[in-house]
Amino acid sequence: MPAVINYRGDGDMYSRPSLCSGDSGLLLSIGSHVEIYCPPRKRSRISGPCVVSGNIFADKRPSIDVLPDECLFEIFRRLPGGRERSSTACVSKRWLTILSSVRSSEFYNKEHVSADDDMEVECDGYLTRCVEGKKATDVRLSAIAVGTSSHGGLGKLSIRGSNSLRGVSNFGLSAIARGCPSLKALSLWNVPSIGDEGLFEIARECHSLEKLDLCQCPSISNKGLAAVAKSCPSLTAVTIESCSNIGNDGLQALAKFCSKLQSITIKDCARVGDQGIACLLSSASALTKVKLQSLNITDYSVAVIGHYGKAITNLVLCGLQNVSQKGFWVMGNARGLQSLLSFTVSSCRGITDLSIEAVGTGCQNLKHMCIRKCCFVSDNGLVAFAKSTSSLESLQLEECNRITQIGILTALSSISSKLKSVSLVKCMGIKDLSTEFSTLSPCESLRSLSIRSCPGFGSTSLAMVGKLCPHLHNLDLSGLCGITDIGLLPLLECCEAGLTKVNLSECSNLSDKVVVALARLHGTTLELVNLDGCQQITDATLVALADSCPMLNDLDVSKCLVTDAGVAALSHGVQSNLQVLSLSGCSMVSNKSIPALETMGKMLVGLNIQHCNSISNSKMEMLTEKLWRCDILS
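Criteria and thresholds
- Residues numbered from 1 in each chain as written.
- Predicted model: local features only at pLDDT ≥ 70, side-chain atom pairs only at ≥ 80, totals over all residues.
- Heavy atoms only, no water.
- UniProt positions renumbered as here; feature names shortened; annotations may be inferred.
- Helix = DSSP H or I, 4+ residues; strand = E, 2+ residues; numbered from the N terminus.
- Contact = heavy atoms within 4.5 Å.
- Phe/Tyr/Trp six-rings, centres within 6.5 Å; stacked < 30°, edge-to-face > 60°.
- Lys NZ or Arg CZ within 6 Å of the ring centre and 35° of its normal.
- Salt bridge = Lys/Arg side-chain N within 4 Å of Asp/Glu carboxyl O.
- Buried < 20%, exposed > 50% of the residue type's maximum accessible area, 1.4 Å probe, protein only.
- Pairing = 2+ DSSP bridges.
- pLDDT = per-residue confidence, 0-100.
- Disulfide = S-S within 2.5 Å.
- Axes fitted to C-alpha atoms, helices over the stretch in contact; angles between N-to-C directions.
- Parallel < 35°, antiparallel > 145°, perpendicular 65-115°, else oblique.
- Nonpolar A, V, L, I, M, F, W, Y, C, P; charged D, E, K, R; others polar.
- Lys, Arg positive; Asp, Glu negative; His and termini not counted.
- Polar contact = N/O pair within 3.5 Å; in protein donor to acceptor, adjacent residues only side chain to side chain.

- Per an unreviewed UniProt entry, the protein chain goes by EIN3-binding F-box protein 1-like and derives from Salvia divinorum.
- UniProt lists a comment for the protein chain under the heading Subcellular location (unreviewed entry), and it reads "Nucleus".
- Looking at the protein chain in UniProt, the text filed under Pathway (unreviewed entry) is "Protein modification; protein ubiquitination."

What follows is the structure in structure tokens.
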């Protein structure tokens, strides 16, 4: 062992170290007069720079991280391709921020993306990203902007909600604009921190934008919308909902710069008035779809629609409380809506018997008509509308409480020969007839009839409907608690073409008798039967359907009195294509039905056995394992 000679103890042990490479020893200077030789040992791993003089705990950061942002910006914009940029962005939040600040046009080496690359392929031919709730942050948007550049570019972006602590702001949207100039569709929902500055950047970079959806964005004003309209002439669809700072000036900018605009939806924007709506509708000649809801507009705007809406095919007007009967009357009689195919009007006090007749007269090509919550429309208006229209194929009435059975039956008898579908929902003015009408002519073209949640519709009315509609294919009577077997049987007997879809859910007074008759009369064509909540239905129904309905593929007997015997009969039935079966709430279906369910499970894609309390958990788990291809709700 080497001796220590004349060591005084006042020297720095590591004041002058000497590092030798290879297998040579390490010579350490202990004092000013003595040196010690250490033989070679196993080489130590050195993970950082070794400081041989001065403070050994000096700054050990990599040298590139000491560079200012401007230098890193110049380095990053010279990265050769998307993969290198993505890898670089993963190093730190700072590097990601700097990379996302580089515009797509500022990169020196633009990577050519070929079909052979590992490129994501999604709907419509470009990438789609959606960030919601807690995931909606500026960092996430920056990562999307950098990461999608090597995969063909981002085409659709949807931001729904925002992180309460680190929400999306103009910075994140600006990163998207700089990194994704190919953006074609942008949807912003409930992002209060995004304002005009973010849209200014979108307008500056994303000139290919085609669809813009703004909902609950209070910080966006007319300036932001006008900037996008001016710089994005390819806009075809715009939706503006609950944006308190967007008004007439923004709509005028759309009218001036967006000649390709085809669809416009404006809802609950307090600053939008007649001036903006009239300018937009009179200038945008390519508009085909228009939806106006809960706006402070008057008869003037609706009259402009009637005069200038020559290209409009789909029109929705909801909650226009300041539009009177005169406005809708002028809209119909202006004869400008010759291309209109579908018209939906809801909660508008100006829709009366007179105005609805004018719409039928002025819109001769109208095929689909929906009237919701219009309390001033009565039987007279409905019949007048039915007589005036010549191309109507679908009629839907919802919560129109002045309309009665007489009006409905007369309209069915008077309407055009092209009518295919009629739907009545929650029309409380309907009361069952005491006598039948023999002078009404049948509606030979009607194929689908839906009468839902109209408690006054009874057996006498059903018998009349059966005579008026002999060629029904689809029948929906859900929620009609007042109908009985005696009332429904005549309708089933009058349907000559053969029913394919029948919904009798919540018709609590129907029994096995009517379903047995349904299977006997229409078993060869039946594809769907819904008996959910029909509490008098028993195993006899399942036996009849199993014996007579070879085409049945969807059956719902939830909350019925069926047992294991009925399920067993169904498993041995003639139906070879039963794909959906619901037994939810059938408390008398037990473990004994498991073999039958396994047999049917070979074809089933959906099975609902929720609240079947007589089936044990272990049996349910076993069934789930065996029927792994079937979606089972248990």
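Moving on from the coordinates now.
## Regarding the overall build of the protein chain
- In terms of regular secondary structure, the protein chain is built from 21 helices and 22 strands.
- Across the protein chain, the fraction of contacts at a sequence separation of at least 24, relative to all contacts at a separation of at least 6, is 80%.

## What about the packing of aromatic side chains?
- Tallying each qualifying case throughout the model produces zero aromatic pairs.
- Residue placement shows Arg 160 over the ring face of Trp 189; its charged tip is 3.9 Å from the ring centre.

## Section: the pattern of salt bridges
- Applying the stated rule across the entire model yields 10 salt bridges.
- Put simply, Lys 267 and Glu 241 hold a salt bridge, and the shortest N to O gap is 3.5 Å. Residue Lys 267 is found in strand 8 (residues 263–267), and its partner Glu 241 is found in strand 7 (residues 237–241); the two are separated by 26 residues along the sequence.

## Observations concerning the pairing of strand 11 (residues 342–346)
- Among the five residues that make up strand 11, five are buried, leaving the element largely enclosed by the rest of the structure.
- Neither face of strand 11 is open: one carries Ser 342, Thr 344 and Ser 346, the other Phe 343 and Val 345, and all of them are buried.
- By the bridge criterion, five bridges tie strand 10 (residues 314–318) to strand 11 in an arrangement that is parallel. Directly across from Val 316, in strand 11, lies its bridge partner Thr 344.

## Concerning the pairing of strand 14 (residues 421–425)
- Within strand 14, four of the five residues are buried, which leaves it mostly tucked inside the rest of the structure.
- Taken together, the five bridges between strand 13 (residues 394–398) and strand 14 define a ladder with parallel strand orientation. Note on strand 14: the bridge partner recorded for Ser 394 is Ser 421.
- Relative to strand 15 (residues 448–452), strand 14 runs parallel, the two sharing five bridges. Paired with Val 422 across the two strands is Leu 449, which belongs to strand 15.

## Some thoughts on the confidence of the model for the protein chain
- When pLDDT is averaged across the protein chain, the result is 85; 86% of the residues are at 70 or more.
- Low pLDDT, under 50, characterises residues 1–37; the stretch is placed with 37 contacts to residues that sit more than four places away or in other chains.
- Residue range residues 111–125 is modelled with pLDDT below 50. Its contacts to residues more than four positions away, or to other chains, number 20 contacts.

## Describing the side chain of Ser 423
- Tracing the backbone through its elements, the reader meets Ser 423 in strand 14.
- Not counting residues within four places of it along the chain, the set of residues in contact with Ser 423 comprises Leu 395, Gln 396, Leu 397, Ser 450 and Arg 452.

## A short note on the state of the cysteines
- Going through the model one piece at a time under the given rule, you end up with zero disulfides.
- Free cysteine Cys 481: the closest other cysteine sulfur is in Cys 507, separated by 7.1 Å.
- Judged by relative accessible area, Cys 481 falls into the partly exposed class, the value being 42%.

## Topic: unusual backbone geometry
- One non-glycine residue, Arg 335, lies in the positive phi region at around 60 degrees.
- Turning to its location among the elements, Arg 335 is positioned in the loop between helix 11 (325–333) and strand 11.
- Taking the relative accessible area as the measure of exposure, Arg 335 reaches 46% and is therefore partly exposed.
- Phi is positive for Ser 453, close to 55 degrees, though the residue is something other than glycine.
- The residue Ser 453 is located in the loop between strand 15 and helix 15 (459–468) in this model.

## Overview of the environment of Leu 545
- Tracing the backbone shows Leu 545 in helix 18 (residues 539–548).
- Judged by its relative accessible area of 0%, Leu 545 is buried.
- Each C-alpha atom, one on Leu 545 and one on Val 516, is 7.6 Å from the other, the two residues being 29 residues apart in sequence.
- Apart from the residues within four sequence positions on either side, Leu 545 is in contact with Val 515, Ala 519, Leu 552, Leu 555 and Gln 575.

## Details of the packing of helix 4 (residues 138–147) against helix 5 (residues 170–179)
- Packing of helix 4 against helix 5 brings their axes to within 8 Å, and their N-to-C directions diverge by 5 degrees. In this view, helix 4 runs roughly parallel relative to helix 5, as classed from their interaxial angle. Taking contact as the criterion, the partners of Asp 138, Leu 141, Ser 142, Ile 144 and Ala 145 in helix 4 are, on helix 5, Phe 171, Gly 172, Leu 173, Ala 175, Ile 176 and Gly 179.
- Tallied by class, the residues present in the contact of helix 4 with helix 5 amount to seven nonpolar, three polar and one charged.

## Thoughts on the side chain of Asp 379
- Mapped onto the elements of the fold, Asp 379 is located in helix 13 (residues 379–388).
- Despite its burial, Asp 379 pairs with no opposite charge, the nearest such side chain being Arg 402 at 10.0 Å.
- Within the structure, Asp 379 has its side chain in polar contact with the side chain of Thr 404 (distance 2.5 Å).
- When neighbours within four sequence positions are excluded, Asp 379 is seen to be in contact with Arg 402, Ile 403, Thr 404, Ile 406 and Gly 407.

## Things to note about the packing of helix 6 (residues 196–205) against helix 7 (residues 222–231)
- Contact geometry of helix 6 with helix 7 gives a least axis separation of 8 Å together with a crossing angle of 5 degrees. By the angle between their directions, the pair helix 6 and helix 7 is classed as roughly parallel. Counted together, Asp 196, Leu 199, Phe 200 and Ala 203 of helix 6 and Lys 223, Gly 224, Leu 225, Ala 227, Val 228 and Ser 231 of helix 7 form the full contact between these two elements.
- For the contact of helix 6 with helix 7, a count of residues per class yields six nonpolar, two polar and two charged.

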